[in-house]
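# Coordinates in review
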Amino acid sequence: MKKFLLLLLLILSIHLSAQFATPGNNGLYSLDDLVAISNGAISLGAEQYYFNEEIIISATDTLRINNDVAIEIGEGLLWIIEGVLQIDPSNLVNIRNKNLESNFKGIRFDNSSASYVHKTAISYAGGIKVVNTDMDFIDCNFSSFDTEYSTGAIDLFQ
């Protein structure tokens, strides 16, 4: 039993450390800001941003993306938006899984206020959950989703 508890604690500590959360200090962040503060959880390549760990935008923080960018998210990873996500590029933000033969887990908006996603293509995802959140998706394209994380491309709750 003692070995089991130690193994369980080890697994939980590995899982908990494999994510990045914004500081929760009423901050307004860009992708470049996240690269600078995430200790490798988010990195910048030649032409795109890589999300290498799950992320949480904390309840009082905002991630704003106003430029045309490509974002690649690692397989099985989840974005949790407890704060605000605002995407409004000139032309297009492209969000997809790094490996086009599988999906990233998905995106969850959880009690988020003032979030919106405009001119964004999201592909190779397990779904988007919108929980107790008022938000807009305008001029977006959703493709190559599966039902690993949701029952459809977007699940709405409350």
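Predicted model only: the values in this text are computed from it and were never measured.

### Some details on the sheet that holds strand E2 (residues 28-29)
- Pairing in this open sheet of 5 strands is parallel, and the strands run E2-E6-E9-E12-E15 from one edge to the other. The open sheet has two edge strands, E2 and strand E15 (135-138), and neither has a second partner.
- Of the strand pairs in this sheet, E2 and strand E6 (residues 62-65) are connected by 2 bridges, and their pairing is parallel. When the bridges of E6 are listed, Leu28 appears paired with Thr62.

### Things to note about the packing of aromatic side chains
- Overall, the coordinates contain 4 aromatic pairs when judged by the stated rule.
- Judged by centre distance (4.9 Å) and plane angle (55°), the ring pair of Phe51 and Trp79 falls under tilted. Of this pair, Phe51 sits in strand E4 (residues 49-51) while Trp79 sits in strand E8 (residues 78-81), and the two are 28 residues apart along the sequence. Across the pair, Trp79 and Phe51 agree in class, each one buried.
- Taking 5.7 Å as the distance between ring centres and 80° as the angle between the ring planes, the aromatic pair formed by Phe137 and Phe142 counts as edge-to-face.
- A relative accessible area of 27% places Phe142 in the partly exposed class.

Parameters and conventions
Residues numbered from 1 in each chain as written. Predicted model: local features only at pLDDT ≥ 70, side-chain atom pairs only at ≥ 80, totals over all residues. Heavy atoms only, no water. Pairing = 2+ DSSP bridges. Helix = DSSP H or I, 4+ residues; strand = E, 2+ residues; numbered from the N terminus. Phe/Tyr/Trp six-rings, centres within 6.5 Å; stacked < 30°, edge-to-face > 60°. Buried < 20%, exposed > 50% of the residue type's maximum accessible area, 1.4 Å probe, protein only.

The analysis is restricted to geometry; functional conclusions fall outside its scope.
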